[in-house]
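Understanding the architecture of this molecule
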Amino acid sequence: MSANDLPVVLELRNLRKHFGNTQIIRGADLQLKQGERLALIGPNGAGKSTLFNLVSGRTAASSGEILLRGRNINGLSPFQVNRLGLARSFQVSNIFPQLSVRENLRAAVLSSHGYRHVFWRRLSALRAVSQRTEEVLRQCGLQAECDTLGGDLSYAAQRALEIGITIAGDAGLILLDEPTAGMSRDESAAAAELIRSVSAGKTLLMIEHDMDVVFGLVDRIAVLVDGRIIACDTPAAIRGNRAVQAAYLGNAEAAP
Ligand code: ADP
Ligand code: MG
């Protein structure tokens, strides 16, 4: 099967969002195929997190369509969107500081199973939860710190835990909002490897400012400027795109 034949997991059609009179998303179009890794870049305030809020059900779009595997999910709650196989991490951490790493992951696994009432009638269910928790612990590389409280972890380890919480429910589409923000170069490189491994076989949409992370990790880059996607192409093509350079890469130093 060539890449063109792969099913479309996420599609945005002429998506718009305004708060009062302020247009934030001004007609965004995007297609994400099964298994693809795509980075959303753009200057601070371009609307990247807002776009994530729309896709993940936190905010309803003003108009346009958000299709998740062909189904329009605009207006569904974050909970409903999550049940349809989309999980997102937040720019600001979502972990429980007073719970251990293992307890944090267990809570995330439990909540991802919560909707199946019959699930709890089976003893094997508890074993499945424990197994999944240990699996996610391994996947996010935090086994050595499994008993450390979330609040006592290093910043980079907290972000790894955040990724673990995001993937705990085994969603097919993963959204990560600035997963390497505030990290050193080495920490970012390690986080990029972690993201590569946990997103294997899944579809990934990530907001990321660090060009080293983006260029090495993703298949395509979408550039959001003033609420519009002005380019979406391979990293090499985006690097050479003059409009992008002018709008964004040219002031990369000025970006956060
Ligand atoms: P980015 O993630 O690209 O930095 P955001 O999506 O966070 O940008 O913000 C884009 C713009 O939308 C900003 O000017 C911000 O102030 C505005 N904005 C975001 N959320 C709201 C809201 N709930 N109400 C009003 N304005 C908002
Ligand atoms: Mg943001």
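Residues numbered from 1 in each chain as written. Chains lettered and ligands numbered in written order. Predicted model: local features only at pLDDT ≥ 70, side-chain atom pairs only at ≥ 80, totals over all residues. Heavy atoms only, no water.

By the naming in an unreviewed UniProt entry, the chain is ABC transporter ATP-binding protein, taken from Collimonas rhizosphaerae.

Unusually for a residue other than glycine, asparagine 14 sits at a positive phi of about 45°. You can see asparagine 14 is positioned in strand E1 (residues 8-19). (Helix = DSSP H or I, 4+ residues; strand = E, 2+ residues; numbered from the N terminus.)

Turning to its location among the elements, serine 199 is positioned in the loop between helix H6 (185-198) and strand E8 (203-207). Accessibility expressed as a relative area gives 1% for serine 199, which makes it buried. Among the polar contacts made by the side chain of serine 199, one reaches the main-chain carbonyl oxygen of isoleucine 195 at a distance of 2.7 Å. Excluding residues that lie within four positions of it along the chain, serine 199 makes contacts with Arg37, Ile174 and Leu204. (Buried < 20%, exposed > 50% of the residue type's maximum accessible area, 1.4 Å probe, protein only. Polar contact = N/O pair within 3.5 Å; in protein donor to acceptor, adjacent residues only side chain to side chain. Contact = heavy atoms within 4.5 Å.)

Among the nonpolar cores identified, the biggest contains 41 residues, and Leu105, Leu142, Leu161, Met206, Ile221 and Val223 are the most heavily contacted of them. By residue number, the principal contributor to this core is helix H5 (residues 155-167), which donates 6 residues. Leaving out residues up to four positions away in the same chain, leucine 161 has contacts with Ile95, Val101, Asn104, Leu105, Leu142, Gly150 and Leu153. One finds Leu40, Val55, Leu175 and Ile229 within the second-largest nonpolar core, a separate group that totals 29 residues. (Core = buried A, V, L, I, M, F, W, Y, C linked by side-chain atoms within 4.5 Å.)

Read from one edge to the other, the open sheet built from 4 strands follows the order E2-E1-E4-E5, with strand pairing classed as antiparallel. Two strands in the sheet have a free side with no partner beyond their single neighbour: strand E2 (22-33) and strand E5 (71-72). Of the pairings in the sheet, the one linking E1 to strand E4 (residues 63-68) comprises 5 bridges and is antiparallel in character. Bridging from a neighbouring strand, leucine 12 pairs with isoleucine 66 of E4. The sheet strands contacting helix H1 (residues 48-55) are E1, E2 and E4, and the helix crosses E1 at an angle near 115°. (Pairing = 2+ DSSP bridges. Axes fitted to C-alpha atoms, helices over the stretch in contact; angles between N-to-C directions.)

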